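Inside the fold
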Amino acid sequence: MGSQYIVFKISRIFQNKLNLFQKRFPQQSLRSIDNLEIDAWYSKEFKGIFLKREKRSKKWLDFNLETSGLEQRILNYKKGDKLFFRYKWYSKLQMGTWNYNVKSKKEYPLQHWTTLNLLDNDLGDIKFVWEKSKFTEIQDFMVYDLVTGQSNQQYILDDILDWISSNSVNTGPNWACSQEISLRLINWLMFICFYKEELYKNNYPELKIIIQSIFDQILHVKENINFSKKAVRNNHAFSELLALYLVGNMFNHIDEVSKFKKIGHDGFIKEFKFQIFNDGSDNQYSLNYYRTKIQLTSIFINQVEDKNKFIQENKNKLEAMVNFFNAVIIDNGQVPNYGANDGSLYFKFNETKEISNFLPQVGAFVKLIKSSNFRFNNNKLFLDDYLWFENEELHLPQNTENSKDIQYFPDSGYLTVNRNNVFMFIRLGIHKFRPSQSDNTHIDLWKNGKAILLDSGTYSYNIPEVDKEKYDFNLSKFHNVLVINDDSQMKPLMNFILLDWTYVEDIKIEDNINQNEIRVSCQLSAYRYLNSKLKINRTFVLDYNNSTLNIIDELNSMKNIRTIKHNWITKNPKLITSIKSKSISKSLEVVSEEIEIADKYGSTIPAMRFNSVSSEKSIETQINF
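Keep in mind it's a predicted model, so treat the numbers as computed, not measured. (Residues numbered from 1 in each chain as written. Predicted model: local features only at pLDDT ≥ 70, side-chain atom pairs only at ≥ 80, totals over all residues. Heavy atoms only, no water.)

Section: helix 3 (residues 35-42)
The following threshold applies: Here's how the labels work: a residue is buried when its accessible area is under 20% of the maximum for its type, exposed when over 50%, partly exposed in between, all with a 1.4 Å probe on protein chains only. Runs of H or I in DSSP of at least four residues are treated as helices and runs of E of at least two as strands, each being numbered from the N terminus. Directions pointing from the helix axis toward each C-beta atom define the arc. What makes two residues a contact is simply this: any of their non-hydrogen atoms within 4.5 Å. In protein, a polar contact means a hydrogen-donor-capable atom and an acceptor-capable atom, both N or O and within 3.5 Å, with residues adjacent in sequence counting only if both atoms are side-chain atoms; elsewhere, any N or O pair within 3.5 Å suffices.
Within the sequence span of helix 3, burial applies to Glu37, Ile38 and Trp41. The arc that holds every buried residue of helix 3, seen down its axis, measures 100 degrees, which confines them to one face. As for helix 3, its buried residues are in contact with helix 9 (178-194), helix 10 (196-202), helix 11 (204-223) and helix 13 (235-250). Its side-chain oxygen placed 3.1 Å from the backbone nitrogen of Leu36, Asp34 serves as the N-cap of helix 3.

Now the structure itself:
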């Protein structure tokens, strides 16, 4: 995502001016779906995530409604409330219309989607419009009705019908993102399949309206797919190609969409091979977005007709993915909050309340590919997610061999250490693909499952200029990196585009077991807008027995450089025993300042940032924890 993204954006401006987009995306249905097409859909039997409720496993009766919080969520949904980003409730009164932004309290205009400015600071972060239109509550209702034997489909049905009547074809903000459309469609497909018998027999006219809208929306996704396939190539492409495959497969009796099955199938496999690296990491440099790809890949495997062929042909890469998550998942199921994170957890069918726990989603994926190499196999947390996919229990042998406690993933630049209850995560990025944050050589440090040093997360994708210094957590000063001249490693060109991508070379990893010490060193190329030849030699020395971390940075030149600063961010300052810092010639004062970081998208918590500043070319800090 670089030059092609910019070309697509410029092309879109010209097509808008010539009204070409309005012709490609008309504000009306292409045609009406007829009863025979509805009846043909009803006559089919669907599997996996699209299995109807009558065929679902009785094992769901063991689901704990109280401890999972599901009982209370259902009560909230019935009042008309919606859960945003899986943690924040907004009441029906607060939400307003479907095009209303609950954060900015402004409405997006209901005009052709291509004429909207989605990054308008006055209208606010568009994600606070899109979130309520994902319909993730469908997942909760299905599980609840399965467990209790009730039928609450009318609540969802009324909501979907209201959405359709309020969001005319290709009109308004809810038509502006093909990924959002795709995720909504997957949830709607689960809804009409799970409640298939009730809807067909008791709500036929309403079912027809929904399938008509599915038809209209998937045509939009197909018409706009090249933007994701050629310019973006991230989780958007995964979502949209999967939706094309699923709708094309389910409605292959409808001429206009039957060809989407092959487009989606072949396109998804191509993106999988492209975006997932051979070492098991991925091209987006974000652990949360990687989880979304895990979930979308799980659905693809669950639904694809040539499942065994896909697994066999990609066996090495799939097992490498398992190994990657063996390395980055801490023993309590958490992972570092590293990289862009908009709070996405597309599908959830388990009892755990903590959305940052990766075990349910990764565990279900592991079971779908029947890998015995996951060190968390058979953890209860991911039984329910897998049960939703395959409608049966599966017990795999647990990996009894000790996973490597030091792992380096060269394709993405992640390095992990997990020894003596100390977990260290370092980013040593080469950046074959677009970085989104100025955070190269960032370090996360955990002990006994608690974060000592951590990433600041993501607050919003649309921050007014006046708030950027406080909430733009893409900046270097919100990461545990060397900060030069109080600036960032890369300069922004435009939204989501950074110039002079950083890279790391000369990486050395030494495991000095006799000294209980792990040493990692590298050379970072960053801040090239200050000095094109600038190199930063960074060294990490971890004494895992004595819980001590030393970080040394040395520059090859001070040209155009006033100050260098060590930056350490924690939400648990009491877990840090001491911090000492020095330059070449003297000890440095370590100053603490209160800041905010994002533990969840759109929400902040208090944190502490420790700084030490030098005007010399070397700086060293020792952290005891």
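So that's the structure; there's more coming.
Considering the packing of aromatic side chains
We apply this condition: A pair of Phe, Tyr and Trp rings is counted when the ring centres sit within 6.5 Å of each other, with Trp represented by its six-membered ring. The angle between the planes then sorts it: under 30 degrees is stacked, over 60 is edge-to-face, the rest tilted. By definition here, charges over rings are those cases where NZ of Lys or CZ of Arg is within 6 Å of the ring centre and within 35 degrees of the ring normal.
Within the structure shown, the criterion is met by 45 aromatic pairs. Summarising the aromatic geometry, the rings of Phe135 and Trp188 are spaced 5.6 Å apart at their centres and angled 75 degrees between planes, so their arrangement reads as edge-to-face. With Phe135 in the loop between helix 6 (127-130) and helix 7 (137-148) and Trp188 in helix 9, this pair connects stretches of sequence that are 53 residues apart. Grouped by ring-pair contacts, the aromatic residues Tyr290, Phe324, Phe325, Tyr338, Phe358, Phe409, Tyr414 and Phe425 constitute a single cluster. When the ring centre of Phe135 is taken as origin, the NZ or CZ atom of Lys82, which lies over that ring, is 4.5 Å away. The ring of Phe274 has Arg233 sitting right over it, with the charged end atom 3.6 Å from the ring centre.

A short note on the environment of Asn624
Mapping Asn624 onto the fold places it in strand 22 (residues 618-624). The exposure class of Asn624 is buried, given its relative accessible area of 17%. Remark: the alpha-carbon pair of Asn624 and Leu454, spanning 170 residues in sequence, is separated by 15 Å. A distance of 2.7 Å separates the side chain of Asn624 from the side chain of Ser578, its partner in a polar contact.

Thoughts on the pattern of salt bridges
What counts is decided by this rule: A pair is scored as a salt bridge if a Lys or Arg side-chain nitrogen falls within 4 Å of a carboxyl oxygen belonging to Asp or Glu.
Inspection of every chain in the model, using the stated rule, returns 36 salt bridges. Between Asp282 and Lys293 there is a salt bridge whose closest N-O contact spans 2.8 Å. Of this pair, Asp282 sits in the loop between helix 15 (260-275) and helix 16 (287-303) while Lys293 is found in helix 16, placing the two residues 11 residues apart along the sequence. Assessed through its relative accessible area of 1%, Lys293 is described here as buried. When the shortest N-O distance is used, the salt bridge between Arg419 and Asp405 registers 2.9 Å. Within this pair, whereas Arg419 is found in strand 6 (residues 414-419), its partner Asp405 is found in the loop between helix 20 (383-390) and strand 5 (406-409), the two being separated by 14 residues in sequence.

A few points about the nonpolar core
As a reminder of what qualifies: Residue types Ala, Val, Leu, Ile, Met, Phe, Trp, Tyr and Cys, when buried and joined through side-chain atoms within 4.5 Å, form a set referred to as a nonpolar core.
If you look at the biggest cluster of nonpolar residues, it comprises 140 residues, and the most contacted ones within it are Phe191, Ile192, Phe251, Ile329 and Trp388. Of all the elements, helix 9 adds the most residues to this core, at 11 residues. Those residues in contact with Ile329 that lie beyond four places of it in its chain are Gln334, Val335, Phe358, Leu359, Val362, Phe374, Arg375 and Phe376. Counting 41 residues, the second-largest nonpolar core is a separate cluster that includes Leu453, Val504, Ile518 and Ile619.

Observations regarding the side chain of Thr416
Tracing the backbone shows Thr416 in strand 6. Residue Thr416 is classed as buried on the basis of its relative accessible area of 3%. The residues touching Thr416, leaving out its near neighbours within four places in the chain, are Ala327, Val328, Asp405, Ile406, Gln407, Phe409, Phe423, Met424 and Phe425.

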